[in-house]
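Chain and residue survey
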Amino acid sequence: MPEMPKTFRPSYLPSRQEQQRQHDSRRDQSEQRGWYKTARWQRLKQRVHVRDLFRCQETGVLCSGKYPADDSPVADHIVEPDGDPALFWDENNIRTVSKAYHDGERQREQIAERGRGVGRKSRAPTR
């Protein structure tokens, strides 16, 4: 069987690792990312988990694990806030989902929506 040729990557393009570092740096510099590190967010997240009885609102799984377990609870924005503080802090726009659901199906949904150009204005909270 013939050997596969090496992939050519022009020298002017950053490596995949460098692209990921640049992306992470830009993402971490956004004001909204800092909101997740506040005591206010921790209290809001806990209120949502209690309201939802620590059940994944998509799968019905009891979220009784501790991070990073697949059954640990994650506070998920129904409509992505995209920097809108009112939408970010709206308790009715947040639901409890399991980490397994959030890291799998939910991430695929969000990537697909970005690819189709679906924005936050096109979806409304279901609550």
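Quick summary incoming for the structure in this document. (Residues numbered from 1 in each chain as written. Predicted model: local features only at pLDDT ≥ 70, side-chain atom pairs only at ≥ 80, totals over all residues. Heavy atoms only, no water.)

Some remarks on the packing of aromatic side chains
Heads up, the rule is: Aromatic pairing here means that ring centres of Phe, Tyr or Trp (its six-membered ring) are within 6.5 Å. Orientation follows from the plane angle: under 30 degrees is stacked, over 60 is edge-to-face, and everything else is tilted. The rule is simple: take the accessible area with a 1.4 Å probe, protein chains only, and divide by the maximum for that residue type; under 20% is buried, over 50% is exposed, in between is partly exposed. Only when the NZ atom of a Lys or the CZ atom of an Arg is both within 6 Å of the ring centre and within 35 degrees of the ring normal do we say a charge sits over the ring.
Taken as a whole and assessed by the stated rule, the structure comprises seven aromatic pairs. For the ring pair Tyr36 and Trp41, a centre distance of 5.1 Å and an interplane angle of 80° mean the geometry is edge-to-face. Among the residues examined, Tyr36 registers a relative accessible area of 26% and is labelled partly exposed. The exposure class assigned to Trp41 is buried, which follows from its relative accessible area of 4%. Aromatic ring contacts, followed pair by pair, group Trp35, Tyr36, Trp41, Phe88 and Trp89 into a single cluster. The ring of Trp89 carries the charged tip of Arg40 above its face, separated from the ring centre by 4.0 Å.

Examining the state of the cysteines
Here is the idea: a disulfide is a covalent bond, and it sits between the sulfur atoms of two cysteines. Operational definition: In what follows, a disulfide is any cysteine sulfur pair within 2.5 Å.
In this structure the tally under the stated criterion is zero disulfides. For the unlinked cysteine Cys56, the closest cysteine sulfur is that of Cys63, found at 5.4 Å. For Cys63, a relative accessible area of 2% translates into the label buried.

Focus on helix H3 (residues 39-51)
Rule in force here: The numbering of helices and of strands both runs from the N terminus, where a helix is a DSSP run of H or I of at least 4 residues and a strand a run of E of at least 2. Helix span is expected to be 1.5 Å times the residue number reduced by one. The arc under discussion is defined with respect to the helix axis, by the directions toward the C-beta atoms.
Between its first and last C-alpha, H3 extends 18 Å over 13 residues, near the 18 Å set by a 1.5 Å rise per residue. Every buried residue belonging to H3 is among Trp41, Leu44, Val48 and His49, and all of these are buried. Seen end-on, H3 carries its buried residues on one side only, within an arc spanning 135°. Directly after H3, the chain includes Leu53, whose backbone phi takes a positive value near 55°.

Some remarks on the pattern of salt bridges
This is how it is decided: Throughout this description, the term salt bridge denotes a Lys or Arg side-chain nitrogen within 4 Å of a carboxyl oxygen of Asp or Glu.
Per the stated rule, a full pass over the model turns up five salt bridges. The salt bridge partner of Glu91 is Arg47, with a shortest N-O separation of 3.3 Å. Pair noted here: Glu91 is in the loop between helix H4 (85-89) and strand S2 (94-98) and Arg47 is in helix H3, with a separation of 44 residues, a long-range link. For Glu91, a relative accessible area of 27% puts it in the partly exposed group. Here Asp76 ties to Arg95 by a salt bridge, and the two come within 3.0 Å at their closest N and O atoms.

Quick notes on the nonpolar core
Heads up, the rule is: Residue types Ala, Val, Leu, Ile, Met, Phe, Trp, Tyr and Cys, when buried and joined through side-chain atoms within 4.5 Å, form a set referred to as a nonpolar core.
Membership of the largest hydrophobic core is limited to eight residues, which are Trp35, Trp41, Leu44, Val48, Ala75, Phe88, Trp89 and Ile94. Elements with a contribution of two residues or more to this core: H3 and H4. Residue contributions to this core peak at three residues, all from H3. The next biggest cluster of nonpolar side chains, apart from the first, holds five residues, and it includes Cys56, Cys63, Val74 and Val97.

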